[in-house]
Structure formats: structure tokens, C-alpha cells
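# Overview (structure and organization)
Listed below are the residues making up each chain.
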Amino acid sequence: MSNADRHGLITKVVRDSGGATVQELAALTGASEMTIRRDLDTLAAQGVLERVRGGARTLLLRGEEPPFALRAHEAVDTKRRIAAAISALVADGESVLLDSGTTCLEVARLLRERPVTVMPLSLQAIHLLGETPGPATLMVPGGRPRAAEGALTGPLTLASLAALRFDTAVIGCCGLTAADGLTAYDLDDAAVKKAAIASSRRVIVAADGSKLGHTAYAHVAPAALLQTLVTDTTAPADEVAALEDAGAVVQAV
């Protein structure tokens with residue numbers, strides 16, 4: 001098992017169960033207890049979990065948005081497949097508005113190798129697109145980053161979006177249903193997503209199957225405004241059918 005796979009498994013176990021001991025994680029992963037202790041120290045330093053005597057426990061409260069550092073370890077292969085499918089939908093020369101979040105960060109990794117114009121809405125994606133010269137043209141919005149998330153919000157971000165028009169917006173989400181539409185955990189984040197949708201000719205939603213059938217706190221947009229959904233094969237079939245009935249083209253990878 002690779003370090004990344006082991007970190008992802010540890011993250012999931014601690015999050016799902018609320019905590020785990022070094023011995024339990026060693027038995028689950030097949031790694032030595034010394035290796036598990038190093039893994040837990042690394043993940044704690046990244047803000048993924050809390051290190052406690054003999055193991056680790058989750059930092060996540062019930063109903064709270066999972067931190068970016070934790071989500072970055074979850075369903076990595078699925079997010080990369082979704083990102084590849086979205087990149088294939090974007091034509092050379094397009095202007096792309098790229099939402100914050102871990103799946104959209106994977107989209108940024110692919111778009112930086114393409115002759116497109118990209119405006120990312122997170123510090124992580126801005127850094128990724130700007131760290132090495134490439135064919136992609138980087139546009140940087142104004143705004144204030146949300147702590148730990150890096151997502152840009154506030155009046156300057158909204159003004160940047162209102163002043164421009166994009167061919168495609170790639171939007172992440174916290175929840176998506178045909179009945180309640182696209183939703184987010186944070187009101188400021190929801191306002192940015194709304195502005196992004198309003199400034200774009202086409203909206204592609206990037207959401208793994210766990211997001212479908214769930215509704216978060218802040219409403220963003222009705223399902224009818226979403227032209228394309230790229231998800232994975234774990235998405236609930238009834239919710240996929242309902243979203244298709246609402247007019248969305250659904251691609252499961």
C-alpha cells in the first residue's frame with residue numbers, strides 16, 4: 001500500500017469512526033506501528049485529524065463541512081477521473097471559471113497544460129496554475145480567502161465575477177438534488193457560486209456520488225440551471241434520473 005493510499009484509508013477510518021488506535025490502524029493497513037505513528041503525525045500537521053495518546057481522533061463536528069486538508073485525501077482516484085472527463089469537455093481557447101474545492105483543484109492540474117484562460121477561485125489552484133509557466137493563461141480575482149479552505153469570497157470576488165463573462169464555469173458542491181438543487185455549507189461560498197453561474201454561458205458541476213441526494217445549508221441554484229453533471233458510478237440512480245429529467249446531462253465515470 002502506497003503512502004497516499006494508506007493516508008487516505010487512515011483519514012476515512014478516523015473520520016467515519018470518530019477515532020482509532022495505532023494498533024487498529026496497523027492491523028488494518030498492514031503497516032508497522034512506527035509507520036502509523038509517523039502517518040498520524042503527518043496528517044495531524046496537515047489539519048486532517050487530532051493526534052491523541054495511542055492514536056488519533058477526528059476534528060470534524062457533526063454536520064460541519066469537512067476541512068480541505070481532510071477532503072484532499074478522500075476519493076482521490078474518483079476526483080481525478082471526474083477531472084479528466086471535465087477537461088475533455090473544455091475546448092482549447094475557452095475561458096474557464098474554476099470553483100474552489102479538491103475536485104476542482106484536480107481540474108486545474110489538467111487545465112494548466114491546455115491553451116485556455118482560467119480564473120480559479122481558490123488560493124490552491126492559483127498557486128498550482130502560477131507555479132510553472134505553461135500554455136494556460138491565469139486570471140486572478142480579488143477577494144478574501146476563507147481560513148484553511150483558501151476559497152476566495154467577499155465583495156471583491158463578486159465584483160471580479162460580475163465584470164467578466166466566461167465560456168464555462170466548473171462548479172463544485174456540498175450537496176445536489178433535483179428537488180433542492182445545488183447547495184453549499186457556507187453562505188459566502190454560496191454567493192460566489194451563484195455569481196459564477198450568472199457569469200458563465202455553460203455550467204459543469206463536478207460532484208462525486210456521495211454529494212448526490214444530500215442537501216447542505218445554503219442554496220446556490222436550482223437543478224435546471226446546471227447543464228452538465230460529471231460524477232462517478234456510485235451516484236444514486238434515482239437521483240441521477242431525476243437530475244436528467246430536470247434537464248442536466250449526466251456523465252458518470
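Structure: above.
Overview of the structure. As the structure is a computational prediction, the values presented were derived from the model and not from experiment.

Okay, the overall build of the protein next. Assigned secondary structure in the protein consists of 10 helices and 15 strands. Taking 18 Å as the expected radius of gyration for a compact globule of 253 residues, we find that the protein reaches 19 Å, a close match to that expectation. The principal-axis extent of the C-alpha atoms belonging to the protein is close to 55 × 45 × 30 Å. Taking all 253 residues of the protein together, the buried fraction comes to 50%. Residue pairs in contact within the protein that sit at least 24 positions apart in sequence constitute 58% of those at least 6 positions apart. If you sum the accessible surface of the protein, you get close to 11,600 Å²; carbon and sulfur atoms cover 54% of it.

Here we come to the nonpolar core. Side chains of nonpolar character tend, in soluble globular proteins, to be buried together. Residues Leu161, Leu176, Leu182 and Val205 are the most contacted members of the largest nonpolar core, which totals 32 residues. The element contributing the most residues to this core is helix α9 (residues 187-198), with 5 residues. The residues touching Leu182, leaving out its near neighbours within four places in the chain, are Ile171, Gly172, Cys173, Gly175, Leu176, Ile197, Val205, Ala218, His219, Val220, Ala221 and Leu226. Counting 21 residues, the second largest nonpolar core, distinct from the first, contains Leu111, Val116, Val170 and Val230.

With 3 bridges connecting them, strand β10 (residues 175-177) and strand β11 (residues 181-184) associate as antiparallel partners. Among the inter-strand pairings, Leu176 is bridged to a residue of β11, identified as Leu182. Linking β10 back to β11 in an antiparallel pair, the connection comprises 3 residues. For β11 and strand β13 (residues 218-221), the ladder comprises 3 bridges, and the chain directions are antiparallel. Its bridge partner lying in β13, Leu182 is registered against Ala221.

A few words on the side chain of Thr11. Position of Thr11 among the secondary structure elements: in helix α1 (residues 3-17). Within the structure, Thr11 has its side chain in polar contact with the backbone oxygen of His7 (distance 2.8 Å).

With that out of the way, let us pick up the packing of helix α5 (residues 76-89) against helix α6 (residues 102-111). Contact geometry for α5 and α6: axes closest at 8 Å, N-to-C directions at 50°. Comparing the axis directions of α5 and α6 gives the class oblique. Between α5 and α6 the crossing geometry is right-handed. Contacts between α5 and α6 involve Lys79, Arg80, Ile82, Ala83, Ala84, Ile86 and Ser87 from the former and Thr102, Thr103, Glu106, Val107, Leu110 and Leu111 from the latter. Per-class residue counts for the contact of α5 with α6 are 7 nonpolar, 3 polar and 3 charged.

Taken as a whole and assessed by the stated rule, the structure comprises 15 salt bridges. Measuring nitrogen to oxygen at the nearest pair gives 3.0 Å for the salt bridge that ties Arg51 to Asp41. Of this pair, Arg51 sits in strand β2 (residues 49-52) while Asp41 sits in helix α3 (residues 33-45), and the two are 10 residues apart along the sequence. When its relative accessible area of 28% is taken as the criterion, Arg51 is described as partly exposed.

About the thresholds
- Residues numbered from 1 in each chain as written.
- Predicted model: local features only at pLDDT ≥ 70, side-chain atom pairs only at ≥ 80, totals over all residues.
- Heavy atoms only, no water.
- Helix = DSSP H or I, 4+ residues; strand = E, 2+ residues; numbered from the N terminus.
- Rg over C-alpha atoms; globule rule 2.2 N^0.38 Å.
- Buried < 20%, exposed > 50% of the residue type's maximum accessible area, 1.4 Å probe, protein only.
- Contact = heavy atoms within 4.5 Å.
- Areas by Shrake-Rupley, 256 points an atom, 1.4 Å probe, with all protein chains shown as cover.
- Core = buried A, V, L, I, M, F, W, Y, C linked by side-chain atoms within 4.5 Å.
- Pairing = 2+ DSSP bridges.
- Polar contact = N/O pair within 3.5 Å; in protein donor to acceptor, adjacent residues only side chain to side chain.
- Axes fitted to C-alpha atoms, helices over the stretch in contact; angles between N-to-C directions.
- Parallel < 35°, antiparallel > 145°, perpendicular 65-115°, else oblique.
- Left-handed = near helix turned anticlockwise from the far one by under 90°.
- Nonpolar A, V, L, I, M, F, W, Y, C, P; charged D, E, K, R; others polar.
- Salt bridge = Lys/Arg side-chain N within 4 Å of Asp/Glu carboxyl O.

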